[in-house]
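# Topology and contacts: notes
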Amino acid sequence: MKATKYILLVGMPGGRLSTSAEVLKGIDYQVLQVPALDPALKLVDHFPHLSLVLIEEEVGLQGGRSFVNNVKEHHPNLPIIWACAGQQPSVVFDQVEPDIILPCNFEPTELRKESHGLLCEHFYPSYVIQELVASGNSVLVNSFKTSTSITDPALKTTQKLFGDTNALVTFSGDRIAGHVVVSANQKHLAALYQRIMPGIAHVSKEEGGDLAGEIGNQILGRFKQFFQKYSRPFALGLPIILYGSDLAIGYSTRRPTLMIGFQEEPGTIYLDFGFEIFDPEDMFESDTNPEEILESGEILFL
């Protein structure tokens, strides 16, 4: 299982980037295209799954500098690739510049290399994604009596959260650290609370937040069992509950986070997972294949 990378292409249909972006399809990249900066900015603000923005200079000649400044101010971890109309950019940027500037004669393979470098898959190897999905699904189905449909995992570099109730749980240990944010709407959490606690007539905002925190604790609790097998034990922090719609949260590193949705009536519970410290090349101290553990069907409880 791999994470889908959603790329926003700002350019005219049939343009240079449109043609070159074809090399990104079929390798877990989904390309969304808009022809102008204004709709692109709206999409950036309202589509938190985005992993990367590609801009054709012909479209960005008017307002391109303002667009880059705006995106970097509100979504500092969202990378931008700027494709020049010539060998050098015609737009004069401020101190804030696109992450990558390509000359007009770039090759499609160069675009693929630069995109891949900004969103390197080594952040979230397939065994990490598979175990995280399994942990989330197991906890929600077995502990909280849900019947979920899982959305495709996606890399996310924007700062916004999805729900009006969000529980941040951190973890840290030897050569590993990170977080998970459980996001949902209060109405959904109240229904879930009443499902597991029959007879409760009213669920307060605080009780909904506590439930989101408990979901995060249990998911990370199951998830850490996998890492303990490879000498990567970690401890969990106390949940931090954040209330309010349209919230943004920043992290100390530029790693993209991993977004997974668990859909059920009356809504969706989102997991926003990220590593602050993790080197997959240093993960395994033996020749054991991590897929063997995932396929064994072994269940470990705290």
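Placed above this text is the structure.
A brief structural summary. (Residues numbered from 1 in each chain as written. Predicted model: local features only at pLDDT ≥ 70, side-chain atom pairs only at ≥ 80, totals over all residues. Heavy atoms only, no water.)

## Observations regarding the sheet that holds strand S5 (residues 100-102)
On the basis of which strands lie adjacent, the open sheet formed by 5 strands has the order S2-S1-S3-S4-S5 and parallel pairing. Two strands in the sheet have a free side with no partner beyond their single neighbour: strand S2 (29-34) and S5. Each adjacent strand pair in this sheet contributes to an overall mean axis angle of 20 degrees, direction not counted. Relative to S2, strand S1 (residues 5-10) runs parallel, the two sharing 6 bridges. Counted as the bridge partner of Leu 8 is Leu 32 from S2. Of the strands in this sheet, S1, S2 and strand S3 (50-56) are in contact with helix H2 (residues 37-46), which crosses S1 at around 160 degrees. (Pairing = 2+ DSSP bridges. Helix = DSSP H or I, 4+ residues; strand = E, 2+ residues; numbered from the N terminus. Axes fitted to C-alpha atoms, helices over the stretch in contact; angles between N-to-C directions. Contact = heavy atoms within 4.5 Å.)

## Some words on the pattern of salt bridges
The full count for this structure, using the stated rule, is 7 salt bridges. One salt bridge in this structure joins Glu 264 and Arg 195, with 3.2 Å as the shortest N-O distance. Taken together, the residues Glu 264 in strand S12 (residues 257-264) and Arg 195 in helix H7 (residues 186-196) connect sequence positions 69 residues apart. On the accessibility criterion, Glu 264 (11% relative accessible area) is buried. Classification of Arg 195 by relative accessible area gives partly exposed; the value is 28%. (Salt bridge = Lys/Arg side-chain N within 4 Å of Asp/Glu carboxyl O. Buried < 20%, exposed > 50% of the residue type's maximum accessible area, 1.4 Å probe, protein only.)

## Quick look at the environment of Tyr 124
Tracing the backbone shows Tyr 124 in the loop between helix H5 (108-118) and helix H6 (126-143). Remark: the alpha-carbon pair of Tyr 124 and Phe 273, spanning 149 residues in sequence, is separated by 10.0 Å. Setting aside chain neighbours within four positions, we find Tyr 124 in contact with Ile 129, Leu 155, Pro 256, Thr 257, Leu 258, Phe 273, Gly 274 and Phe 275. Here the side chain of Tyr 124 touches Pro 256 through a polar contact of 2.5 Å, landing on its backbone oxygen. Of note is the side chain of Tyr 124, whose polar atom sits 3.5 Å from the backbone nitrogen of Phe 275. (Polar contact = N/O pair within 3.5 Å; in protein donor to acceptor, adjacent residues only side chain to side chain.)

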